[in-house]
Amino acid sequence: VDEVYLYSDATTSKIARTVTQRLGFSKASSSGTRLHRGYVEEATYEDKPVETTHIVFVVHGIGQKMDQGRIIKNTATMRDTARRIEEKHFSNIVTDQVEFLPVEWRSKLALDGDTVDSITPDKVRGIRDMLNSSAMDIMYYTSPLYRDELVKGLQQ
């Protein structure tokens, strides 16, 4: 493969891609972004990355199940904000290399074995899903039965 493109999952992007391909246009002219491999210059020994001196674990709180994938975006925002503050207020100080890592632990837990979902009437499913994604986290954490499972999930 000599060309690789990154496409959006948005509906408009899918429609544009389908139309351009059916009309016979090449992928290069469709709505994708061409990705390039490799480097322009050869690396030297001095090009090694700065040694990481600090690690910040960004752990989501209550309601992450409702907003899956958001922890990655929030971690990137936190990283960018910390770097801007560092540049603005501490630019004259030799800085350490800080790495921010997202910790997503909630999605792998099956705390109630989907019992709550199985007894939820279809007419209130939207409200129940919202409550399950936030209020249930509070109840799980305060329950001695589930608290240990939550802590184990976080540790893993």
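Residues numbered from 1 in each chain as written. Predicted model: local features only at pLDDT ≥ 70, side-chain atom pairs only at ≥ 80, totals over all residues. Heavy atoms only, no water.

Taking an unreviewed UniProt entry as the reference, the protein chain is identified by name as Phospholipase DDHD1 belonging to Hymenochirus curtipes.

Some words on the overall build of the protein chain
When you go through the protein chain residue by residue, the secondary structure sums to 5 helices and 4 strands. Secondary structure elements of the protein chain occur, N-terminal to C-terminal, as β-α-β-β-α-β-α-α-α. Looking at the 156 residues of the protein chain, the share that counts as buried comes to 19%. Put simply, of all contacts in the protein chain between residues at least 6 apart along the chain, 68% involve residues at least 24 apart. (Helix = DSSP H or I, 4+ residues; strand = E, 2+ residues; numbered from the N terminus. Buried < 20%, exposed > 50% of the residue type's maximum accessible area, 1.4 Å probe, protein only. Contact = heavy atoms within 4.5 Å.)

Points about a nonpolar patch on the surface
A cluster of nonpolar residues, Ile-55, Phe-57, Val-59, Leu-101 and Leu-154, forms a patch on the protein surface that exposes about 440 Å² of accessible area. In terms of residues, the nonpolar patch owes the most to one element, strand S3 (residues 52–59), which gives 3 residues. Inspection of the secondary structure assignment puts Ile-55 in strand S3. (Patch = residues over 30% accessible without salt bridge, like charges linked within 9 Å, V, L, I, M, F, W, Y side chains within 5 Å. Areas by Shrake-Rupley, 256 points an atom, 1.4 Å probe, with all protein chains shown as cover. Salt bridge = Lys/Arg side-chain N within 4 Å of Asp/Glu carboxyl O.)

Regarding helix H5 (residues 144–155)
Here H5 spans 17 Å end to end across 12 residues, near enough to the 16 Å set by a 1.5 Å rise per residue. Within the sequence span of H5, burial applies to Tyr-146, Leu-150 and Gly-153. When H5 is viewed along its axis, its buried side chains cluster within an angular range of 60° and face the same direction. Away from its buried face by more than 90 degrees, H5 exposes Pro-144, Lys-152 and Gln-155. (Expected span 1.5 Å × (residues − 1). Arc of directions from axis to C-beta.)

Quick notes on the nonpolar core
Judged by nonpolar contacts, Val-103, Trp-105, Met-136, Tyr-140, Tyr-146 and Leu-150 together constitute the single largest core of 6 residues. Where this core is concerned, the elements lending two or more residues are helix H4 (125–142) and H5. (Core = buried A, V, L, I, M, F, W, Y, C linked by side-chain atoms within 4.5 Å.)

Re helix H1 (residues 11–22)
An ideal rise of 1.5 Å per residue puts 16 Å on 12 residues; H1 measures up with 17 Å between its terminal C-alpha atoms. Of all the positions in H1, only Ser-13, Arg-17 and Thr-20 are classed as buried. Looking down the long axis of H1, one finds its buried residues gathered within 75° of arc, a one-sided arrangement. Turned more than 90 degrees from where H1 packs its buried face, Thr-11, Thr-12 and Arg-22 sit exposed.

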